[in-house]
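Geometric and topological summary
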Amino acid sequence: MPLKISELYIYPIKSMTGISLDQVKLSKTGFEYDRFWMLTDDKGKFITQREDSRLALFTTELNENYLTVSYLHDSTKIPLKTEHEAQTIKTKVWSDQVSSQKESRETNNWFSNILGYRVILVRPSEAFNRKLKQNLGDQIHYPDAGQYLFLGQSSLNHLNRKLSQPIGMDRFRPNVVFTGGKEHTEDSWSGVRVRSALFEVTESCGRCRMITINQQNGETSKEPLKTISKYRLKDQKICFGQYLKLVGGFDDQISVGDEISIVD
């Protein structure tokens, strides 16, 4: 069977619910608006579901003017274009220190009131500059490690056959899900082409306890990390999925149903 894109996702706010799309625009930093915002504490350190699993319960919706974020029966709108005089602050994503700008006081109060502690929502400032470690000529916004995360449906199906209770693809937060091929066929790639876009593999995605968080209710368990660690441990990383970077076809679009061609 040919390899075909079956699902496409962006995650506008780091560690919150993703948005499923039929078509998406490519850029030099990843899908447009993917991990374009993130929550930090009052010292600028990033916050994810690892620190607060309730982030899984925030849903996002994107239109041409606003990002709408909802939690239970409450919601707030964030303009895609900054409408206030933004304050620039230093923020930290793992070991990277970058320049970000705060969202409005109203937005930050909304998140803080829900979570019960002070948080700040930020986006990249004009001086933002975060390099991709595998190639310092490439940039990313707020994802953990790479521009585009690819994961095969066969890999998840293989895992689910080992679990007593199957889990969904949302545990792994991929950008591109594809069908066809054997389990973990993405491990053998060095590069792929989708339409006129050319991608190059940068590294495997190392997994942590975040995949043990149920994305529907925020509850945690030992699985699937316990099972994956028994057969996907490599170089002290539990690998599941591959990060790729875009090397050709900037500003193109890709769609569900597109074929993926392996490039040697």
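For the structure itself, consult the block above.
Residues numbered from 1 in each chain as written. Predicted model: local features only at pLDDT ≥ 70, side-chain atom pairs only at ≥ 80, totals over all residues. Heavy atoms only, no water.

Broken down by element type, the protein carries 3 helices and 21 strands. Taken over the C-alpha trace, the protein has a radius of gyration of 18 Å; the compact-globule value for 264 residues is 18 Å, and the two agree within 12%. Judged by the C-alpha coordinates and their principal axes, the protein covers about 50 × 40 × 35 Å. By the burial criterion, 53% of the 264 residues in the protein qualify as buried. When contacts within the protein are restricted to residue pairs at least 6 apart in sequence, long-range pairs at least 24 apart make up 68% of them. In the structure as shown, the protein presents an accessible area of about 12900 Å², 45% of it carried by carbon and sulfur atoms. (Helix = DSSP H or I, 4+ residues; strand = E, 2+ residues; numbered from the N terminus. Rg over C-alpha atoms; globule rule 2.2 N^0.38 Å. Buried < 20%, exposed > 50% of the residue type's maximum accessible area, 1.4 Å probe, protein only. Contact = heavy atoms within 4.5 Å. Areas by Shrake-Rupley, 256 points an atom, 1.4 Å probe, with all protein chains shown as cover.)

Taken in spatial order, the 3 strands line up as β6-β7-β8 in an open sheet, and their pairing is antiparallel. Two strands in the sheet have a free side with no partner beyond their single neighbour: β6 (58–62) and β8 (74–79). Neighbour-to-neighbour, the strand axes of the sheet open up by a mean angle of 20°, direction not taken into account. Where β6 lies against strand β7 (residues 66–71), 5 bridges are found, and the strand directions are antiparallel. (Pairing = 2+ DSSP bridges. Axes fitted to C-alpha atoms, helices over the stretch in contact; angles between N-to-C directions.)

Here β6 folds back onto β7, and the loop between the two strands holds 3 residues. The pairing of β7 with β8 spans 6 bridges and is antiparallel. The residue bridging Ser70 from the neighbouring strand is Ser75, located in β8. In textbook terms, the turn of a hairpin is the stretch between consecutive antiparallel strands, and for β7 and β8 this stretch comprises 2 residues, one of which, Leu72, has a positive phi near 55°.

Here we take up the sheet that holds strand β9 (residues 88–93). Here we have 5 strands laid out as an open sheet, ordered β5-β4-β11-β10-β9, and antiparallel in their pairing. The sheet terminates laterally at β5 (46–47) and β9, the two strands that pair on one side only. Across 6 bridges, the pairing between β9 and strand β10 (residues 96–102) is antiparallel. What sits directly across from Lys92, in β10, is Gln97. Sheet strands in contact with helix α1 (residues 105–115) are β4 (38–40), β10 and β11 (120–124), and its direction is about 135° off that of β11.

Before going further, it helps to spend a moment on the packing of aromatic side chains. Inspection of every chain in the model, using the stated rule, returns 16 aromatic pairs. Between Phe36 and Trp37 the ring centres are 5.0 Å apart and the planes differ by 85°, which places this aromatic pair in the edge-to-face class. Ring geometry for Trp110 against Phe111: centres 4.9 Å apart, planes inclined by 85°, an arrangement best described as edge-to-face. Overall, Trp110 belongs to the buried group, its relative accessible area being 11%. The exposure class assigned to Phe111 is buried, which follows from its relative accessible area of 0%. In textbook terms, an aromatic cluster arises when at least three aromatic residues are bridged by ring pairs, as seen for Phe31, Tyr148, Phe150, Phe178, Trp189 and Phe199. When the ring centre of Tyr66 is taken as origin, the NZ or CZ atom of Lys77, which lies over that ring, is 5.5 Å away. (Phe/Tyr/Trp six-rings, centres within 6.5 Å; stacked < 30°, edge-to-face > 60°. Lys NZ or Arg CZ within 6 Å of the ring centre and 35° of its normal.)

Pairing of strand β16 (residues 191–194) with strand β17 (residues 197–206) involves 4 bridges; the strand directions are antiparallel. Bridge pairing links Arg193 to Leu198 in β17. Following β16, the chain reverses through 2 residues before pairing antiparallel with β17; Arg195 in that reversal takes a positive phi of roughly 55°. Where β16 meets strand β21 (residues 259–263), 4 bridges bridge the pair, whose relative direction is antiparallel. Its bridge partner being in β21, Arg193 is matched across the sheet by Ser261.

Before going further, it helps to examine the state of the cysteines. For the structure shown, the criterion picks out 0 disulfides. No disulfide involves Cys208; its nearest neighbouring cysteine sulfur is the one of Cys205, lying 8.4 Å away. The class for Cys208 is partly exposed, based on a relative accessible area of 28%. (Disulfide = S-S within 2.5 Å.)

Below, the discussion takes up the environment of Asp96. Within the fold, Asp96 resides in strand β10. For Asp96, a relative accessible area of 14% corresponds to the buried category. Leave out the neighbours within four places in its chain, and Asp96 touches Thr91, Arg130 and Lys133. Reaching out from Asp96, the side chain makes a polar contact with the side chain of Arg130 at a distance of 2.8 Å. (Polar contact = N/O pair within 3.5 Å; in protein donor to acceptor, adjacent residues only side chain to side chain.)

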